[in-house]
Amino acid sequence: MELTEAVQRILRHARLIALVVAVCLSIPLLVSLRSDDAYVASARMNFGPDATSAEEAAAMVDTAEAIVTSPGDLEAALAELSIDRDPALVVDQIHLESAGVSGVLVLSVTDADPEVATALANGLSDRLVASRREVLIGPMEERLAELDDELAAVGDDIDAITE
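Residues numbered from 1 in each chain as written. Predicted model: local features only at pLDDT ≥ 70, side-chain atom pairs only at ≥ 80, totals over all residues. Heavy atoms only, no water.

Asks: Help me out: how do you make sense of the overall build of the chain in this one?
Replies: Each helix and strand counted, the chain has seven helices and three strands in total. A compact globule built from 163 residues would reach a C-alpha radius of gyration of about 15 Å, whereas the chain, at 30 Å, exceeds it by more than 25%. With the C-alpha coordinates of the chain rotated into their principal frame, the extents come out at 120 × 40 × 20 Å. Looking at the chain as a whole, 22% of its 163 residues qualify as buried. For the chain, contacts bridging at least 24 residues in sequence account for 68% of all contacts bridging at least 6. (Helix = DSSP H or I, 4+ residues; strand = E, 2+ residues; numbered from the N terminus. Rg over C-alpha atoms; globule rule 2.2 N^0.38 Å. Buried < 20%, exposed > 50% of the residue type's maximum accessible area, 1.4 Å probe, protein only. Contact = heavy atoms within 4.5 Å.)

Written out as structure tokens, the structure is:
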């Protein structure tokens, strides 16, 4: 086949080639025009002591994710922040990951409204830290209060003896 013959064949199908190229270029454009903007807000928090392995870090993420995405906590957070969203849909927009094997977790929330994404990421991280604090420090605070009461009682007993 000669070069001129090849050019003639291509030119005979120029309209078809142009149509195929136009369709291929228009598909991504149409998809991008139809998609809604999504904003991602992230919050970092110290969830506890550093993990010593990837498995421990994954377990820490799983624990945090179970707390944050529990239906009751999620509904309460949405109500507290006055966010009108379906919790069943919001749960799919929440993502947690560990920053390496450190005790630092990154909570990300995706939403069409950047203010909602930010408020929800911050609100959920605050609730998560409060929940973790209650589990880790709550019993110690209770015991310290008991010891303070016992110490006050011993002080009263000493005062009674010395009078």
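Asks: I'm lost on the sheet that holds strand β1 (residues 39–46) in this one. Help?
Replies: Remark on secondary structure: sheet strands pair via backbone hydrogen bonds, oriented parallel or antiparallel. In spatial order, the strands read β1-β3-β2; together these three strands make up an open sheet with antiparallel pairing. Looking at which strands have only one partner, the edges of the open sheet turn out to be β1 and β2 (94–98). Pairwise comparison of adjacent strand axes, ignoring direction, gives a mean angle of 20° for this sheet. In terms of strand pairing, β2 meets strand β3 (residues 104–111) through five bridges, oriented antiparallel. Pairing of E97 across the sheet is with V106, part of β3. Contacting β1, β2 and β3, helix α6 (residues 114–136) crosses the sheet at an angle of about 20° to β1. (Pairing = 2+ DSSP bridges. Axes fitted to C-alpha atoms, helices over the stretch in contact; angles between N-to-C directions.)

Asks: How should I be thinking about helix α4 (residues 71–80) in this particular structure?
Replies: A turn of α-helix holds 3.6 residues, and therefore any two residues three or four places apart point the same way. All of the buried residues in α4 are L74, A77 and L78. The buried residues of α4 all sit within an arc of 95° when viewed along its axis, so they share a single face. Residues A79 and E80 are exposed on α4 and point more than 90 degrees away from its buried face. Contacts from the buried residues of α4 go to α3 (54–68), α5 (87–90), β2 and α6. Phi turns positive, to about 55°, at S82, one or two residues after α4. (Arc of directions from axis to C-beta.)

Asks: Looking at this structure, I do not really get the pattern of salt bridges. What am I missing?
Replies: For side chains bearing opposite charge, pairing can occur when the charged atoms are close. Under the defined criterion, the tally for this structure stands at seven salt bridges. Salt-bridge contacts for E5 lead to R9; the nearest nitrogen and oxygen are separated by 3.8 Å. Of this pair, E5 and R9 are both found in helix α1 (residues 3–12), four residues apart, which corresponds to roughly one turn of the helix. Taking relative accessible area as the criterion, E5 reaches 34% and is therefore assigned partly exposed. We note a salt bridge from R143 to E150, for which the minimum N-O separation is 3.7 Å. On the accessibility criterion, R143 (40% relative accessible area) is partly exposed. Since its relative accessible area comes to 44%, E150 is described here as partly exposed. Because the salt bridges share partners, they merge into one network encompassing D73, E80 and R127. (Salt bridge = Lys/Arg side-chain N within 4 Å of Asp/Glu carboxyl O.)

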